[in-house]
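# Working through the structure, step by step
Listed below, chain by chain, are the residues.
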Amino acid sequence: MAASLSTLTLRSPSPYPTLSSSFPKQSSKQTLQFPFGNPKVTYRANFVRPIAAVEAPEKIEKLGKDISELSLAEARVLVDWLQDKLGVSAAAFAPAAVAVAPGGAADAPAVEEEKTEFDVLIEDVPSNARIATIKAVRALTSLALKEAKELIEGLPKKFKEGISKEEAEEAKKQLEEAGAKVTIV
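Residues numbered from 1 in each chain as written. Predicted model: local features only at pLDDT ≥ 70, side-chain atom pairs only at ≥ 80, totals over all residues. Heavy atoms only, no water.

## Details of the packing of helix H5 (residues 130-140) against helix H7 (residues 165-178)
Rules: Note on geometry: axes are C-alpha line fits, over the in-contact stretch for helices, and angles between N-to-C directions span 0 to 180 degrees. Secondary structure elements are defined from DSSP: runs of H or I of at least 4 residues count as helices, runs of E of at least 2 residues count as strands, and each element is numbered from the N terminus. Each angle gets one of four labels, with under 35 degrees taken as roughly parallel, over 145 as roughly antiparallel, 65 to 115 as roughly perpendicular, and the rest as oblique. Helix crossings are classified by the rotation of the near helix relative to the far one: an anticlockwise turn of less than a right angle makes the crossing left-handed, while a clockwise turn makes it right-handed. The criterion used for residue contact is that any of the two residues' heavy atoms lie within 4.5 Å.
Running from N to C, H5 and H7 cross one another at 160°; their axes reach a closest spacing of 8 Å. Judged by the angle between their axes, H5 and H7 are roughly antiparallel. The crossing of H5 and H7 is right-handed. Here H5 contributes Ala132, Thr133, Ala136, Val137 and Leu140 to the contact with H7, which in turn contributes Ala171, Gln174, Leu175 and Ala178.

## Considerations on the side chain of Lys160
Convention followed: Under the scheme applied here, a residue whose accessible area is under 20% of the maximum for its type counts as buried, over 50% as exposed, and between as partly exposed, the area being computed with a 1.4 Å probe on protein chains only. When charges are counted, Lys and Arg are positive and Asp and Glu negative, with His and the chain ends excluded. Counted as salt bridges are all cases of a side-chain nitrogen of Lys or Arg within 4 Å of a carboxyl oxygen of Asp or Glu. As used in this structure description, the phrase polar contact means that two N or O atoms lie within 3.5 Å; if the pair is within protein, one of them must be able to donate a hydrogen and the other to accept it, and residues adjacent in sequence are counted only when both atoms belong to side chains.
Its location among the elements puts Lys160 in strand S4 (residues 157-163). At 4.1 Å, Glu167 is the nearest oppositely charged side chain to Lys160, a buried residue that forms no salt bridge. From its side chain, Lys160 meets the backbone oxygen of Leu140 in a polar contact 3.2 Å long. Sequence-distant contacts of Lys160, that is, excluding residues within four places in its chain, are made with Phe118, Asp119, Val120, Leu140, Thr141 and Glu167.

## What about the sheet that holds strand S3 (residues 118-124)?
How we decide: The pairing criterion for strands is at least two bridges between them, as found by DSSP.
Reading across from one edge, S4-S3-S5 is the order of the three strands in this open sheet, with antiparallel pairing throughout. Only two strands of the sheet have a single neighbouring strand rather than two, namely S4 and strand S5 (181-184). The sheet shows a mean angle of 20° between the axes of neighbouring strands, direction not considered.

## Points about H5
It helps to recall that an α-helix has 3.6 residues per turn; residues three or four apart then point in one direction. Test applied: Directions from the helix axis toward the C-beta atoms define the arc.
What H5 keeps buried is the set Thr133, Ile134, Ala136, Val137 and Leu140. Down the axis of H5, the buried set is contained in an arc of 160°. They therefore lie on one face. In H5, the exposed positions that point more than 90 degrees away from the buried face belong to Ile131, Lys135 and Ala139.

## Re the pairing of S3
Burial within S3 is extensive, with five of its seven residues counted as buried. Two strands pair when backbone bridges link them, and S3 and S5 are joined in this way by four bridges, in the antiparallel orientation. For Ile122, the partnering residue across the bridge sits in S5 and is Val182.

Right, dumping it as structure tokens:
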């Protein structure tokens with residue numbers, strides 16, 4: 001099985017003029033051999049201009065080229081001049097940048113998520129309503145008499161946590177009927 005070899009010749013132009021000297025003259029040709037392809041094929045790199053997504057008239061291309069050559073200070077002056085001349089704001093053209101800009105979130109109205117879990121807080125139980133409140137607490141929970149009594153002492157305390165709105169309103173209704181002062185948080 002014979003392998004064909006391709007030859008690639010590299011020439012490097014010398015930026016220095018050659019001087020005649022007593023040293024043997026070295027050839028600037030270097031040859032590399034590759035074990036593939038047709039030996040007569042020449043590979044050459046060409047600069048290909050990128051294809052524009054939108055074909056622009058020559059006037060627009062010139063204007064774009066001129067703008068891209070401006071310094072940052074000159075670009076800032078250009079933006080200010082265009083804002084004054086046209087009566088527009090640069091922020092109007094970049095709504096995403098406004099949302100990301102620091103301080104932009106403080107200006108926007110706060111979006112509240114709808115609360116789905118509520119806590120029932122017993123704030124106060126008058127002394128004449130303690131027994132009725134203990135009975136209501138035992139009916140709403142599976143607490144024993146001692147635990148229910150401890151719950152209504154040292155108020156305010158959370159009675160139930162992380163329950164639905166309907167459950168919280170029902171517990172509040174029953175506890176207020178028993179005489180306790182209750183809030184839903």
